[in-house]
Amino acid sequence: MTQQYQHILVGVDGSRQAKRAIEKAIAVAQRNQAELIIVTVLRGGQYVGLGSNEVGFGYVDQKIMDESRQRFEDLVQRYRQQAQDAGVEQVVTSVYYGNAKTDLARTLPQEFGADLVMLGATGANVVERMVLGSTAGYVISNAVCDVLLVRTDLKNHTKKLRSSVIQ
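This structure is a prediction, so every number in the text was calculated from the model and none was measured.

**Q** What should I look at first to understand the sheet that holds strand β2 (residues 35-42) in this one?
**A** Sheet strands associate in pairs through backbone hydrogen bonding, adopting either a parallel or an antiparallel arrangement. The strand order across the open sheet built from five strands is β3-β2-β1-β4-β5, with neighbouring strands paired in parallel fashion. Lying at the two open borders of the sheet, with one neighbouring strand each, are β3 (91-97) and β5 (146-150). The mean angle between the axes of side-by-side strands here comes to 20 degrees, regardless of whether they run parallel or antiparallel. With five bridges connecting them, strand β1 (residues 7-11) and β2 associate as parallel partners. When the sheet's bridge partners are listed, V10 is paired in β2 with I38. Set on the sheet, helix α1 (residues 16-32) makes contact with β1, β2, β4 (116-120) and β5; between it and β4 the angle comes to about 145 degrees. Sheet contacts for helix α2 (residues 62-85): β2 and β3; angle to β3, the most-contacted strand, approximately 160 degrees.

This is the structure:
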């Protein structure tokens, strides 16, 4: 019996690895005639102390947060259009503030009823992986549904990738 996925959640962060994941997720959603759920999770803490206003320790510049959120809203909308152009009929997009590890492993799959989570192998550099741990690694170990970790392009060719996140 072949597993048919109905609700595929793909996490994106603007990296090349995430681009590979969205391309494969679109292909899997097409084959399964599944709903594709495209999400990104932003960490609110990354904005502390950024911006032109120096109010004090722990200050979060709302303008910086809004600009970043808009960049990611635009990214997921471009991916939505790409999926629709490829023939995926049901596409949902969302940008969250939270913890990517726990949200992609548990919260979002439960919220959307996902039966498959797809992620790029890693968007972090070596130092970030050593200090914070890999989001992909955490999701693999703790997900409430199946996880597909994407390491190759649509032709299943591997390429050496440098981490580069959306600007």
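Now that the structure is up, let's keep going.
**Q** Got a minute to help me understand the nonpolar core in this structure?
**A** For soluble globular proteins, nonpolar side chains are generally found buried alongside one another. By size, the foremost hydrophobic cluster in this structure holds 26 residues, and its most contacted members are I8, V10, V12, I22, L36, I38 and M118. Element by element, the count of residues in this core is highest for α1, at seven residues. Contact partners of V12, with chain neighbours within four places excluded, come to A18, I22, I38, V39, T40, L75, V76 and Y79. Residues L9, V41, V117 and V139 belong to the second largest nonpolar core, which totals 14 residues.

**Q** How do you make sense of the side chain of E35 when you look at a structure like this?
**A** Mapped onto the elements of the fold, E35 is located in strand β2. Among buried Asp, Glu, Lys and Arg side chains, E35 stands out as unpaired, with R80 the closest opposite charge at 9.1 Å. Setting aside residues up to four positions removed in sequence, E35 forms contacts with Q6, H7, I8, Q90, V92 and F112.

Parameters at a glance
- Residues numbered from 1 in each chain as written.
- Predicted model: local features only at pLDDT ≥ 70, side-chain atom pairs only at ≥ 80, totals over all residues.
- Heavy atoms only, no water.
- Pairing = 2+ DSSP bridges.
- Helix = DSSP H or I, 4+ residues; strand = E, 2+ residues; numbered from the N terminus.
- Axes fitted to C-alpha atoms, helices over the stretch in contact; angles between N-to-C directions.
- Contact = heavy atoms within 4.5 Å.
- Core = buried A, V, L, I, M, F, W, Y, C linked by side-chain atoms within 4.5 Å.
- Buried < 20%, exposed > 50% of the residue type's maximum accessible area, 1.4 Å probe, protein only.
- Lys, Arg positive; Asp, Glu negative; His and termini not counted.
- Salt bridge = Lys/Arg side-chain N within 4 Å of Asp/Glu carboxyl O.

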